[in-house]
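Each chain, letter by letter, is given below.
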Amino acid sequence: AAGRNPYTSVDAKTWSKNTRFTLRTSTASETEFGTLRTYTENRFNYTDGFDGDHTLNFAYIQLGGLRLGLDESAFHTFTGYLGDIINDDVVADGVYRTNLISYTFNGGNGFSAILSLEQGGGSYSDHNDFDNDGIFTESNVIDDYMPHVVGGLKYAQGWGSIVGAVAYDSLLEEWSGKVRLDVNVTDKFSVWVMGGYSSYEDAIGMYGNWGGDWAVWGGAKFVATEKATFNVQAAYEDWGKTAIAANVAYELVPGFTITPEVNYTRWDSDHPARDAGRVTNKDAFGGIIRFQRSF
């Protein structure tokens, strides 16, 4: 996912049906330098009666803590993404896919650290003038020798974990950071909260592309039964966008999970997207139901 465009109109009421086939492959063998792994993931999509697209989402080699290839940015993987919500990035927390070279150090006592050199991926629409219809597309991919850089530290124990990550966008010459706390209240109930801050307020770039300087996310998970797990998530960004979602993942039979989800988004009256007339409704409601077979 590349994050939601904060200017997208929500006037239209739409119904959409998407089908996806995901093919994953993995290998592992022990060597004198640690476990040698490979991992790939291909996604094939069919959307609303038309041929969709094919994306190569992962293709990397890992030897011990060293990883090389196509992965998702350490800005997300090291901090644990967001909650177990399908539509989880209405308040965006950065672009995901990138080629990278990363190294993860595990201290064996709950401490771990990561350093990742990243090429960047995707692009963004640069609305330099909110009152002008001109939209300029900019790439997140580096254009010289200097990569994007991500670093992080984590401490994890039975009670949960605390993790922080900092990213330097070498194209914008700006930085972003996130800190996340997870707490296992019981073996069935857990909560988490994460805050992000960026040195630039525009919703652009590879990392801190939420609206404004800061954003906050939080959620909870409750394992109600062996089959049903409830998830909730809420988020708010500096520009004034609120996103709330809830779902229940129900494993009807082993390997077959049905997940209905409801979403609510609200734009404050002074949000730039509303000021520019790109979003005329202050509220938006949505619903998703996912049928997933895994084996």
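Attention here is on the structure that accompanies the text. (Residues numbered from 1 in each chain as written. Predicted model: local features only at pLDDT ≥ 70, side-chain atom pairs only at ≥ 80, totals over all residues. Heavy atoms only, no water.)

## Details of empty space enclosed by the protein
Considering all chains together, one arrives at one cavity of 30 Å³ or more under this definition. In this structure, the largest cavity spans a volume of roughly 80 Å³. Residue lining of the largest cavity: 14 residues in total, with Asn87, Val90, Ala243, Ile244 and Ala245 positioned closest to the centre. Looking at the lining of the largest cavity, the elements with two or more residues in it are β14 (228-237), β15 (241-253) and β16 (256-267). Per-class residue counts for the lining of the largest cavity are eight nonpolar, four polar and two charged. (1 Å grid on protein atoms, 1.4 Å probe; cavity = no way out; pocket = protein on both sides within 12 Å on 5 of 7 lines; lining within 4 Å. Points joined across faces, edges and corners; volume = space filled by probe spheres on them. Helix = DSSP H or I, 4+ residues; strand = E, 2+ residues; numbered from the N terminus. Nonpolar A, V, L, I, M, F, W, Y, C, P; charged D, E, K, R; others polar.)

## Side note on the pairing of strand β1 (residues 18-31)
Note: β1 against strand β2 (residues 34-47), 14 bridges, orientation antiparallel. Paired with Glu30 across the bridge in β2 is Thr35. Between the end of β1 and the start of β2, which pair antiparallel, lie two residues. (Pairing = 2+ DSSP bridges.)

## Details of the nonpolar core
Counting residues in each nonpolar core, the largest one holds eleven residues, listed as Ala74, Phe75, Phe78, Val95, Ile114, Val150, Val163, Ala165, Ala167, Met206 and Tyr207. Of all the secondary-structure elements, those providing two or more residues to this core are α1 (74-77) and β10 (160-169). No other element matches β10, which puts three residues into this core. In contact with Ile114, other than residues within four places in its own chain, are Ala74, Phe78, Tyr103, Thr104, Val150, Gly151 and Gly152. In this structure, Val90, Trp192, Trp210 and Ala215 belong to the second largest nonpolar core, which totals ten residues. (Core = buried A, V, L, I, M, F, W, Y, C linked by side-chain atoms within 4.5 Å. Buried < 20%, exposed > 50% of the residue type's maximum accessible area, 1.4 Å probe, protein only. Contact = heavy atoms within 4.5 Å.)

## Some points on the pattern of salt bridges
Per the counting criterion, the structure on display carries seven salt bridges. Here Asp84 and Lys221 are joined by a salt bridge, their closest N and O atoms 2.6 Å apart. Here Asp84 is found in the loop between α1 and β5 (97-106), whereas its partner Lys221 is found in strand β13 (residues 214-223), with 137 residues between them in sequence. Note on Lys221: relative accessible area 30%, which makes it partly exposed. Between Asp93 and Lys178 there is a salt bridge, with its nearest N and O atoms 3.2 Å apart. Within this pair, whereas Asp93 is found in the loop between α1 and β5, its partner Lys178 is found in strand β11 (residues 174-184), the two being separated by 85 residues in sequence. An identical accessibility class is assigned to Asp93 and Lys178; each is buried. What emerges from the salt-bridge pattern is a single network uniting Arg24, Glu41 and Arg43. (Salt bridge = Lys/Arg side-chain N within 4 Å of Asp/Glu carboxyl O.)

## Some points on the packing of aromatic side chains
Applying the stated criterion across every chain, the model contains ten aromatic pairs. Between the aromatic rings of Tyr39 and Tyr60, the centroid separation amounts to 5.7 Å while the plane-to-plane angle is 40°, which identifies the pairing as tilted. Of the two residues, Tyr39 is situated in strand β2 and Tyr60 in strand β3 (residues 50-63); the sequence distance between them amounts to 21 residues. Judged on exposure class, the residue Tyr39 and its partner Tyr60 are both buried. Summarising the aromatic geometry, the rings of Trp214 and Tyr236 are spaced 5.9 Å apart at their centres and angled 40° between planes, so their arrangement reads as tilted. Of this pair, Trp214 sits in strand β13 while Tyr236 is found in strand β14, placing the two residues 22 residues apart along the sequence. On the accessibility criterion, Tyr236 (27% relative accessible area) is partly exposed. Among the aromatic residues, those joined into a cluster by ring pairs are Tyr39, Phe58 and Tyr60. Residue placement shows Lys154 over the ring face of Phe78; its charged tip is 4.7 Å from the ring centre. If you follow Arg180 out to its NZ or CZ, it ends over the ring of Trp192, 4.3 Å from the centre. (Phe/Tyr/Trp six-rings, centres within 6.5 Å; stacked < 30°, edge-to-face > 60°. Lys NZ or Arg CZ within 6 Å of the ring centre and 35° of its normal.)

## Digging into the pairing of β15
Pairing of β14 with β15, which is carried by ten bridges, proceeds in the antiparallel orientation. When the sheet's bridge partners are listed, Val232 is paired in β15 with Ala246. Hairpin connection, β14 to β15: the antiparallel pair is bridged by three residues, and Gly240 has positive phi, about 110°. As paired strands, β15 and β16 are joined by ten bridges and run antiparallel to one another.

## As for the environment of Glu41
With respect to the element layout, Glu41 can be found in strand β2. Exposure remark for Glu41: the relative accessible area of 3% places this residue in the buried category. With 19 residues separating them in the primary sequence, Glu41 and Tyr60 have C-alpha atoms 9.7 Å apart. Dropping the residues within four chain positions of it, Glu41 is found in contact with Thr22, Leu23, Arg24, Thr55, Leu56, Asn57 and Phe58. At a separation of 2.9 Å, a polar atom in the side chain of Glu41 contacts the side chain of Arg24. (Polar contact = N/O pair within 3.5 Å; in protein donor to acceptor, adjacent residues only side chain to side chain.)

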